[in-house]
Amino acid sequence: MLLSRRSLLAAAAGLALPRAARADEPYPVNMDEWKKLPYKFQRQQMAFETTEPPGTVVVDPRKCFLYLVQDGGQALRYGVAVGKSAHAWEGEVIIHDMKEWPTWTPAPYHIKTKPDLAKWLPGGMPGGPDNPLGARAMYLFKGEVDTINRIHGAAHLGDIGKKATAGCIGMLNGDVIDLYTRVQVGTRVVMLKKSGFFG
């Protein structure tokens, strides 16, 4: 198999193309969209000081970053959209389930603000390019209780770096596919306090 110079450089930086970025995605995904973000919100390998073990996902809602902790004081950092202040949360949860092109079921507060969304009850909106969860969703639970918050795709470029969600962690579709390939069911997700310090 021939590797391009770009592939070798990406692999060296810990940004190798993920296995899920495959030709048989059922809908188009721009895997390079992250390169259009302001540099600080672009996916990047970096030094990251934490007491959390490798494999932990750490979200800093104040700075709108998601870190996947790695060995050797490193992390892979993604720019994300986080919950508006009314929907902000903090603490520790786990990824209880993971789905590709998931179904989206509107919550009661969605229907309260947009009554026409009731048409998607009870079965939910099928996965696809117009679905608010995008290409991937990781379902966040506190113990066995669904928090109704997700790490999911479908964020727009203009949402990244902002408090623009109803509590979920929004990512570009390409970034959420990349993260999806690096985590698993049972992965811990730690949301920092609004001050930016660990709880």
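Look a little higher up for the structure.
Along each chain, the written sequence defines residue order, and numbers are assigned to residues from 1. Under the rules for a predicted model, residues below a pLDDT of 70 receive no local features and side-chain atom pairs below 80 are neither given nor counted, while totals for whole chains, interfaces and linings still include all residues. As a convention, hydrogens and water are excluded, and side-chain values are obtained from all of the structure's heavy atoms.

Chemist: Before we go on, may I ask you to explain the nonpolar core in this structure?
Modeler: When a protein is soluble and globular, its nonpolar side chains tend to lie buried together. Throughout, nonpolar core names a set of buried Ala, Val, Leu, Ile, Met, Phe, Trp, Tyr and Cys residues whose side chains join them through atoms within 4.5 Å. Burial here depends on accessible area, computed with a 1.4 Å probe over protein chains only, as a share of the maximum for the residue type. Under 20% is buried, over 50% is exposed, and the range in between is partly exposed. One finds L66, M138, I151, I169 and L179 to be the most contacted residues of the largest nonpolar core, which totals 38 residues. Each helix is a run of DSSP H or I of at least 4 residues and each strand a run of E of at least 2, with the numbering of both proceeding from the N terminus. Elements represented by at least two residues in this core include exactly β2 (57–60), β3 (65–70), β4 (74–79), β6 (91–100), β7 (136–142), α3 (173–180) and β11 (188–191). At five residues, the largest contribution of residues to this core is made by β3. A contact between two residues is defined here by any heavy atoms of the two lying within 4.5 Å. Not counting chain neighbours up to four residues away, the residues in contact with I169 comprise V59, L66, V80, A81, W89, L140, R150, I151, H152 and M191. With eight residues, the next largest nonpolar core counts I111, L117, M125 and L133 among its residues.

Chemist: Help me understand the sheet that holds strand β1 (residues 44–47), please; the structure alone is not making it clear to me.
Modeler: Sheet strands associate in pairs through backbone hydrogen bonding, adopting either a parallel or an antiparallel arrangement. Within the open sheet, the nine strands sit side by side as β1-β4-β3-β2-β11-β6-β7-β8-β10. Their pairing is mixed. Of all strands in the sheet, those with a lone pairing partner are β1 and β10 (169–170), marking the two edges. Any two strands between which DSSP finds at least two bridges are classified as paired. Pairing analysis gives six bridges linking β6 to β7, with the strands arranged antiparallel. If you follow I95 over to β7, its bridge partner there is L140. Helix axes use the C-alpha atoms of the stretch in contact, all axes being lines fitted to C-alpha atoms, and the angles between their N-to-C directions lie in the range 0 to 180 degrees. Each of β3, β4, β6, β7 and β8 (145–152) is contacted by α3, which is oriented at about 60° to β7, the strand it contacts most.

Chemist: Help me out: how do you make sense of the pattern of salt bridges in this one?
Modeler: Close approach of charged atoms allows side chains of opposite charge to pair. Any Lys or Arg side-chain nitrogen located within 4 Å of an Asp or Glu carboxyl oxygen qualifies as a salt bridge. Counted under the stated rule, the structure contains 10 salt bridges. Of the charged contacts in the structure, one is a salt bridge between R136 and E100, with a shortest N-O distance of 3.9 Å. With R136 in strand β7 and E100 in strand β6, this residue pair connects regions lying 36 residues apart in the sequence. Assessed through its relative accessible area of 0%, R136 is described here as buried. Its relative accessible area of 37% is what places E100 among the partly exposed residues. We note a salt bridge from D178 to R182, for which the minimum N-O separation is 2.7 Å. Of the residues examined, R182 reaches a relative accessible area of 30% and is grouped as partly exposed. Overlapping salt bridges, with partners in common, bring together R43, D175, D178 and R182 in one network.

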